[in-house]
Amino acid sequence: MERIIEEIREDLDRRMAVAAERLADRTLAEDPSYAALLGRAELRERIHHNLRQAVEGLVRSLGGLAVDLSDARATGTLRAEQGLPLASLLRTYRRGGRLLWQTLTEAVAAHDREALPRLLPGATALWDVLDQMTDAVTESYRRTEARRGERDRERRAALLDVLLDGTSGADGPAAPEAAAQLGLPERGRFAVVVVACDGPPLPPGPGPGTGQGGYGPSPRVLWRIRADGETGLVELGHLPLESVRELLAPAGVRAGISPVVRAPAELAGARRLAALALRTAPPAGGPRTVLLDERLPAALVAAQAELAGRLRRVVLGPVLALAPEDCRVLLTTLGTWLDCQGSTTRAAERLYCHRNTVSNRLRRMEQLTGRSLSDPAHVVELTLAHAAVVQRAAADAGAAKRPGQGPDPADRATAAPRPGAPAPRPSPIPGGRGRRSPRPRA
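Quick caveat: nothing in here was measured; it's all calculated off a predicted structure.

This brings us to the environment of Arg60. Mapped onto the secondary structure, Arg60 falls in helix α4 (residues 40–62). Arg60 sits 58 residues away from Glu2 along the chain, and the two C-alpha atoms are 9.1 Å apart. Discounting chain neighbours no more than four positions away, the residues touching Arg60 are Leu65, Ala66, Val67 and Asp68. Separated by 2.8 Å, the side chain of Arg60 and the backbone oxygen of Ala66 make a polar contact.

In structure tokens, the structure reads:
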């Protein structure tokens, strides 16, 4: 068969040039991806070159030599870098293979029709060569695409770091430029969400879609994954901030959400506020995803670690010094009463005890702390001190999971709630509403 090909080589090349013209015209007419990338002359030349490479590969294969696939690999790399879809590339290769066989049979028939039966055994060899070329193109394309995707992910992460950390190198983009490269507007409505690393993983690629809570479309979220958790840059558009909580609700993660900001340059500050909001989210019981503006008293405590420690000891020191069980009971009762907006009756219902029992516990809390729950200033102190205790207990619980660390001995009584007891949760004092005294009325 090699002799037949050598005899028809010149005529075969002319026929392949005509075939390349037809395939180039068909490809440009039917595939917009090729039409946007290559002109007719360049595409025709590439197709003609690939057909010649296939014939050379057939000759080498028939002679027992390995097919040279370097050109096919180079084509796969080039088209991946240019962004041509792999499906378009492979479709053109398959069409070229069928066209080559048709051209080869026509050239052999024109040279010597009696030689056609001798061509048939070479069909298997030709299709094997075409398969090798297609496999080489595909492998090279996918390898290049993976490298390109990794570079794109690293670049996107670097741009998010500029916005979320508020840092950029001497030659790096400033916040407005980084936002533009990420497709964010100069002015808009943005927020940041910080997800705790101690919960279930987020589902792959949460982003635009149908909201879970009746808000319609969900906000666009650009995620930055780090070892200490995930941070999302949220482009809200006209959606309410609550839509972020609705988006995260199905995942069951613990997260903090910043207030709305208007410019990309404000996102670094928003990230810090979202991380602060996360520190106020209870590890068990209560809302899993919290908005900073709903947790301002607790956030104030979380932002001042040194003062929070002083607040715990000055306001609730006598309570923390009690036996662990007594301490848990009083702190749980106080937290529940605060959650119930100062209603002794509702607190009793939640704690499954009599209203007088709640009143007695709260009266003891007043005696130990020297603070009156009928005095708004004292209630503020107790609310903030309770938030400080809960946050410290959560921190100690996390530290206990790490080797060489444990809870603060001064807060040992609150390191873990009593089994079956509601976890104490800090609650902000509703603005403009007075609290009722826990003392039973005569």
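The discussion continues.
Here we take up the sheet that holds strand β1 (residues 190–195). Here we have 5 strands laid out as an open sheet, ordered β2-β3-β1-β4-β5, and mixed in their pairing. Taken across any chain shown, the strands that pair with only one partner, and hence form the sheet edges, are β2 (220–226) and β5 (289–291). Strand-to-strand, the axes of this sheet are offset by a mean angle of 20°, without reference to chain direction. Of the pairings in the sheet, the one linking β1 to strand β4 (residues 255–257) comprises 3 bridges and is antiparallel in character. Residue Val194 lies in a different strand from β4, and its bridge partner there is Gly256. In the packing of helix α8 (residues 121–165) onto the sheet, contacts are made with β1, β2 and β3 (229–235), and the angle to β2 comes to roughly 95°. The strands touched by helix α11 (residues 267–280) within the sheet are β1, β3, β4 and β5, with β1 carrying the most contacts at an inclination of about 40°.

Another point: the pattern of salt bridges. Tallied over the entire structure, the rule returns 25 salt bridges. For Arg14, the salt bridge identified is with Glu10, shortest N-O distance 3.3 Å. Here Arg14 and its partner Glu10 are both found in helix α2 (residues 9–30), 4 residues apart, which amounts to about one turn of the helix. Look at Arg14 and you get partly exposed, because its relative accessible area is 48%. A salt bridge links Arg40 to Asp25; its shortest N-O distance comes to 2.5 Å. A residue pair is termed long-range when its members are at least 10 positions apart, and Arg40 in helix α4 and Asp25 in helix α2 qualify at 15 residues. Taking the relative accessible area as the measure of exposure, Arg40 reaches 36% and is therefore partly exposed. Asp25 gets classed as partly exposed once you look at its relative accessible area, which sits at 35%. Ionic contacts of the salt-bridge type, sharing partners, join the residues Asp161, Asp165, Arg224, Arg226 and Arg271 into one network.

Definitions and limits used
- Residues numbered from 1 in each chain as written.
- Predicted model: local features only at pLDDT ≥ 70, side-chain atom pairs only at ≥ 80, totals over all residues.
- Heavy atoms only, no water.
- Helix = DSSP H or I, 4+ residues; strand = E, 2+ residues; numbered from the N terminus.
- Contact = heavy atoms within 4.5 Å.
- Polar contact = N/O pair within 3.5 Å; in protein donor to acceptor, adjacent residues only side chain to side chain.
- Pairing = 2+ DSSP bridges.
- Axes fitted to C-alpha atoms, helices over the stretch in contact; angles between N-to-C directions.
- Salt bridge = Lys/Arg side-chain N within 4 Å of Asp/Glu carboxyl O.
- Buried < 20%, exposed > 50% of the residue type's maximum accessible area, 1.4 Å probe, protein only.

The values are spatial; any link to function lies outside them.
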